[in-house]
Amino acid sequence: MTDDTPAGPRPASTAFRGLLHAQRVWDTELPSFDPASAPSAPVPLFHAWFAEAVAAGQPEPHAMSLATADTEGLPDVRTLLLHDADERGFHFASHATSAKGRHLAVRPHAALGFYWPAQGRQVRVRGPVVRCTPTESHADLHARSTGALAAALTGSQSEVVGSVAELHRAADAAWDRARAAPDTEAPTWTRYVVEPAEAEFFQGDARRRHIRLRYRRQEDGVWTRELLWP
C-alpha cells in the first residue's frame, strides 16, 4: 500500500455504522392525531400531549433541549428541565452567569425541543426570552429539592473546574449548606420564560406520513395554524 492508496473502512467505524443502522424507530403502536381537533392556542395542546406522554410511561417527559446563540451568533444547545408552561410561555431556570445566561443577556431569543419517543411526538418552540423577577426566581429555586439548591450553590456553572476531587469537595460543602440553611440565596439563579412566537407539534407515523402542525402568533396576539410537509 502506498500513501496514495485509499484506506479501507476502519473496524471501529464499521462496527459503529452497523450498530447505528440496526436501530429502529418507534417499535410501538403510535397514537393518531387529527390537527383539525387541535385547540386554537399551543399551550393547551402541549398540556394534553405532556399528560399523554406521562401516561405512556415516557421517561423524563419534562426534559427539553434549549438552544441559544452566543455573541457571534453561533448556536449552542443543552438539555434541562421544564419548570412550567402557562399563558406566559415555557419556563426554565439557570444561573444568569452561566453560558446560557450570558447568551440570553445578549441575544434574548431561544428555541426549545421536546422529544417523546414513547408516542413518536416532538414539540418545538421558538420565541423571545424574558427574565422573571428576583422574587419569582427565589421561589423557583426553593420550591425544588435540596439537591437542586445544592447544585445551584456548587461552583460557578460553565466555568472550568480543576479536578473531580475539587468538584466533589464543593458539592459536598454545598449539600451541607443546603441542608443546614434551606433558605440560602443563590443570587444569580434566574427563572426565564420563552414567550412562544412559533410552536410546532409533530406526530410521527410508521409509514412516514408524519403530521406537523405549526402555530404562529400574529401581531394582534391571535394564533394561526398551518400544516407542514414532513
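About the cut-offs
Residues numbered from 1 in each chain as written. Predicted model: local features only at pLDDT ≥ 70, side-chain atom pairs only at ≥ 80, totals over all residues. Heavy atoms only, no water. Core = buried A, V, L, I, M, F, W, Y, C linked by side-chain atoms within 4.5 Å. Buried < 20%, exposed > 50% of the residue type's maximum accessible area, 1.4 Å probe, protein only. Helix = DSSP H or I, 4+ residues; strand = E, 2+ residues; numbered from the N terminus. Contact = heavy atoms within 4.5 Å. Phe/Tyr/Trp six-rings, centres within 6.5 Å; stacked < 30°, edge-to-face > 60°. Salt bridge = Lys/Arg side-chain N within 4 Å of Asp/Glu carboxyl O. Polar contact = N/O pair within 3.5 Å; in protein donor to acceptor, adjacent residues only side chain to side chain. Pairing = 2+ DSSP bridges.

Trainee: Just checking my understanding: could you explain the nonpolar core for this structure?
Mentor: Note on soluble globular proteins: their nonpolar side chains tend to be buried together. Counting residues in each nonpolar core, the largest one holds 30 residues, and the members touching the most others are Phe46, Phe90 and Phe114. Those elements that provide at least two residues to this core are helix 2 (42-55), strand 1 (63-69), strand 4 (90-95), strand 5 (109-116), strand 6 (121-131), strand 7 (189-194), strand 8 (198-203) and strand 9 (211-217). No other element matches the 5 residues that helix 2 contributes to this core. Every residue in contact with Phe114, bar those within four places of it in the chain, is listed here: Phe46, Pro61, His62, Ala63, Met64, Leu82, Phe90, Arg121, Gln122 and Val123. Counting residues in hydrophobic clusters, the runner-up holds 10 residues, among them Leu141, Ala150, Ala152 and Ala178.

Trainee: Can you walk me through the packing of aromatic side chains in this structure?
Mentor: Each aromatic ring pair is summarised here by two numbers: the centre-to-centre distance and the angle between the ring planes. In total, this model carries 13 aromatic pairs according to the counting rule given. Measuring from centroid to centroid gives 5.7 Å for Phe46 and Trp116, while their planes differ by 45°, and the two rings are tilted. Pair noted here: Phe46 is in helix 2 and Trp116 is in strand 5, with a separation of 70 residues, a long-range link. Residue Phe46 shares its accessibility class with Trp116, and that shared class is buried. Aromatic pair Phe90 and Phe114: ring centres 6.4 Å apart, planes at 45°, arrangement tilted.

Trainee: Would you mind showing me how to read the environment of His91 here?
Mentor: With respect to the helices, strands and loops of the structure, His91 is situated in strand 4. Among the residues examined, His91 registers a relative accessible area of 2% and is labelled buried. With sequence-adjacent residues up to four places away left out, His91 is seen in contact with Met64, Leu81, Leu82, His83, Asp84, Ala85, Asp86, Arg191, Tyr192 and Val193.

Trainee: Explain the pattern of salt bridges to me, please; I cannot follow it from the model alone.
Mentor: Two side chains bearing opposite charge may form a pair once their charged atoms approach each other closely. A full pass over the atoms with the stated rule returns 12 salt bridges. For Asp76, the salt bridge identified is with Arg78, shortest N-O distance 3.4 Å. Residue class for Arg78 comes out buried when judged on its relative accessible area of 17%. Between Asp205 and Arg209 there is a salt bridge, and its shortest N-O distance comes to 3.2 Å. Each of Arg124, Glu200 and Arg212 takes part in one network of salt bridges that share partners.

Trainee: How should I be thinking about the side chain of Ser94 in this particular structure?
Mentor: Here Ser94 shows up in strand 4. You can call Ser94 buried: its relative accessible area is 2%. Among the polar contacts made by the side chain of Ser94, one reaches the side chain of Ser98 at a distance of 3.1 Å. At a separation of 3.1 Å, a polar atom in the side chain of Ser94 contacts the side chain of Gln157. Those residues in contact with Ser94, other than ones at most four positions away along the chain, are Lys100, Gln157, Thr188, Trp189, Thr190 and Tyr192.

Trainee: Hey, could you run me through the pairing of strand 8 in this one?
Mentor: In summary, the side chains of a regular strand alternate between the two faces of the sheet. Burial of strand 8 is extensive: 5 of the 6 residues sit out of reach of the surface. Pairing between strand 8 and strand 9: 6 bridges, direction antiparallel. The residue bridging Glu200 from the neighbouring strand is Arg214, located in strand 9.

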